[in-house]
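Structural characterization, general
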Amino acid sequence: MDISVNVYLMLVVFVTFLLLMWLSNVWIYKPMLANMDAREGSIGQDSAFIDKTTQEIAHLKQEASRQLKEARIQANKILQDSLQKACEDYENTLAQKENDLQKDFEMFVQGLKESKSELKLQLTQDLPALEVSLQQKISQM
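Being a predicted model, the structure only gives us computed values, none of them experimental. (Residues numbered from 1 in each chain as written. Predicted model: local features only at pLDDT ≥ 70, side-chain atom pairs only at ≥ 80, totals over all residues. Heavy atoms only, no water.)

1. Details of the overall build of the chain
When you go through the chain residue by residue, the secondary structure sums to 1 helix and 0 strands. For 141 residues, the compact-globule formula gives about 14 Å, and the C-alpha radius of gyration of the chain, at 58 Å, lies well above that figure. Based on the C-alpha atoms only, the size of the chain along its principal axes is roughly 185 × 35 × 15 Å. Every one of the 141 residues in the chain was classed for burial, and the buried ones make up 0%. A total accessible area of about 13700 Å² is found for the chain, and carbon and sulfur atoms account for 63% of it. Of the side-chain charges in the chain, 15 are positive and 20 negative, and the distance between the mean point of each set is 2 Å. (Helix = DSSP H or I, 4+ residues; strand = E, 2+ residues; numbered from the N terminus. Rg over C-alpha atoms; globule rule 2.2 N^0.38 Å. Buried < 20%, exposed > 50% of the residue type's maximum accessible area, 1.4 Å probe, protein only. Areas by Shrake-Rupley, 256 points an atom, 1.4 Å probe, with all protein chains shown as cover. Lys, Arg positive; Asp, Glu negative; His and termini not counted. Charge placed at Lys NZ, Arg CZ, Asp CG, Glu CD.)

2. Side note on the UniProt feature "coiled-coil region" (unreviewed entry) in the chain
Following the UniProt record, one finds the feature "coiled-coil region" (unreviewed entry) at residues 50–107. The straight-line gap between the two end C-alpha atoms of residues 50–107 is 83 Å; of that span, 100% is helix and 0% is strand. (UniProt positions renumbered as here; feature names shortened; annotations may be inferred.)

3. Quick look at the pattern of salt bridges
Following the criterion strictly, the structure yields 4 salt bridges and no others. As a salt-bridge pair, Arg 66 and Glu 70 come within 2.5 Å of each other at their nearest N and O atoms. Of this pair, Arg 66 and Glu 70 both sit in helix 1 (residues 7–140), 4 residues apart, roughly one helical turn. With its nearest N and O atoms 3.4 Å apart, the salt bridge here joins Lys 85 to Asp 89. Here Lys 85 pairs with Asp 89, and both are found in helix 1, just 4 residues apart, close to one helical turn. Exposure remark for Lys 85: the relative accessible area of 49% places this residue in the partly exposed category. For Asp 89, a relative accessible area of 36% corresponds to the partly exposed category. One salt-bridge network, in which partners are shared between bridges, spans Glu 63, Arg 66 and Glu 70. (Salt bridge = Lys/Arg side-chain N within 4 Å of Asp/Glu carboxyl O.)

Dropping the structure here:
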């Protein structure tokens, strides 16, 4: 058995190897690298979108928190204003009722004074009759 180097065969194998490398590069490696680059780009875009969305969510949360705080402040102010107005209305109504009661009381006292005067006058007029009636009752006893 004789082992010899066949240059023609080596050249054919080398050319075939180069041809296969070139074909692999064109049909396999370049599309695979393009797909990997596209995937990295897509991942980068998605990552940027996620970061942007996260920042937007944080901003919206802050805005909602601020608006909620302002709404609570406004609600508290409205409540305080309503309570103050209710107290003022109550005090005004109470003062009006006190004035009405005072007027009614004064009219009642005036009526009592008039009744007292009338009763006193009537008693002074009926006093002789009462004295007579009283003496009759005493004498009957």
